[in-house]
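Observations on the model geometry
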Amino acid sequence: EQNEYNAITCYPINATFRSVVELDDEAVDDLLITINNITNSTSLSDNPDVAVSIHSVIEEMFSSNLTTQSEAESVVNDMVENILTTSTVLNPENRNKSVNGDDIVTELATISTVTSNADIVDSGSTTADLVEDYLPDIFDAVDLYIDLSADNTSSNTSLSAVQDALYSIGEQSQALISNLE
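What you are looking at is a predicted structure, and each value in this text was computed from that prediction instead of being measured.

With that settled, the discussion passes to the overall build of the protein chain. When you go through the protein chain residue by residue, the secondary structure sums to six helices and zero strands. In the protein chain, the order of α-helices and β-strands from amino to carboxyl end is α-α-α-α-α-α. For the protein chain, buried positions account for 35% of its 181 residues. Of the contacts made within the protein chain by residues no fewer than 6 positions apart, 78% connect residues no fewer than 24 positions apart. A total of about 10800 Å² of accessible surface is found on the protein chain, and carbon and sulfur atoms cover 47% of it.

Right, dumping it as structure tokens:
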């Protein structure tokens, strides 16, 4: 609803985007190089919109047979590695600072989206990294968020905002775990 707490306002976008299926082999190669350059030079944790956009492109390229499964898995793995290494939620410098529930939700949603197509997620590396390293660390960050939120004297966060964030964190965690099964 409009004017409600945490409401989202949507606006129509009147634009036409060219499909990747219209690309020739040279353009596909150039696009893969561009994706690699963006992934190597951009914090996908700070720019989840870029991560989701890259994922949608690589997913369409794979489903249209414009890239191999191995190439698509490599792109997804590089994206996940980027998010893990640039994470503001998991950054050790944030351990003693405020952990924001929205940041946790955004990061979980981004990784859930990037890993949503099992055909292009390498279970040997990407899944292993997320299960062995990321999930325990993100749950530690959630614990820190809960601890900081319980001490509401230093926070301007309302109880309903904390409850909303925890509910969203639960949903996104479940989506990520489901993707990794």
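The next point concerns the nonpolar core. Counting residues in hydrophobic clusters, the biggest one holds 41 residues, and the most contacted among them are Ile104, Leu130, Tyr134, Ile138 and Leu176. When residues in this core are grouped by element, the largest group, eight residues, is from helix H5 (residues 123-150). Apart from the residues lying within four places of it in its own chain, the contact partners of Leu130 are Val80, Leu84, Ile111, Thr115, Leu135, Pro136, Leu176 and Leu180.

Structurally, the position occupied by Thr126 is in helix H5. Reaching out from Thr126, the side chain makes a polar contact with the side chain of Asn77 at a distance of 2.7 Å. In this structure, Thr126 is in contact with Asn77, Val80 and Val121, ignoring residues within four places of it in sequence.

Attention now goes to the layout of surface pockets. One number sums up the size of the second largest pocket: a volume of about 160 Å³. If you trace the second largest pocket, you find it lined by Phe17, Arg18, Ser19, Val20, Ser56, Val57 and Glu60. Of the residues assigned to the lining of the second largest pocket, the class counts are three nonpolar, two polar and two charged.

Note that Asn91 resides in the loop between helix H3 (69-86) and helix H4 (101-114). The sequence separation of Asn91 and Asp137 amounts to 46 residues, and the corresponding C-alpha distance is 9.8 Å.

Another aspect to go through is a negative patch on the surface. A grouping of Asp24, Asp25, Glu26, Asp29, Asp30 and Glu71 is seen on the molecular surface, where their side chains present a negatively charged patch. Among the elements that line the negative patch, the one with the most residues is helix H1 (residues 25-41), at four residues. As for its placement among the helices and strands, Glu71 is situated in helix H3. Residue classification places Glu71 among the partly exposed positions, given a relative accessible area of 36%.

Cut-offs used in this document
Residues numbered from 1 in each chain as written. Predicted model: local features only at pLDDT ≥ 70, side-chain atom pairs only at ≥ 80, totals over all residues. Heavy atoms only, no water. Helix = DSSP H or I, 4+ residues; strand = E, 2+ residues; numbered from the N terminus. Buried < 20%, exposed > 50% of the residue type's maximum accessible area, 1.4 Å probe, protein only. Contact = heavy atoms within 4.5 Å. Areas by Shrake-Rupley, 256 points an atom, 1.4 Å probe, with all protein chains shown as cover. Core = buried A, V, L, I, M, F, W, Y, C linked by side-chain atoms within 4.5 Å. Polar contact = N/O pair within 3.5 Å; in protein donor to acceptor, adjacent residues only side chain to side chain. 1 Å grid on protein atoms, 1.4 Å probe; cavity = no way out; pocket = protein on both sides within 12 Å on 5 of 7 lines; lining within 4 Å. Points joined across faces, edges and corners; volume = space filled by probe spheres on them. Nonpolar A, V, L, I, M, F, W, Y, C, P; charged D, E, K, R; others polar. Patch = residues over 30% accessible without salt bridge, like charges linked within 9 Å, V, L, I, M, F, W, Y side chains within 5 Å. Salt bridge = Lys/Arg side-chain N within 4 Å of Asp/Glu carboxyl O. Lys, Arg positive; Asp, Glu negative; His and termini not counted. Charge placed at Lys NZ, Arg CZ, Asp CG, Glu CD.

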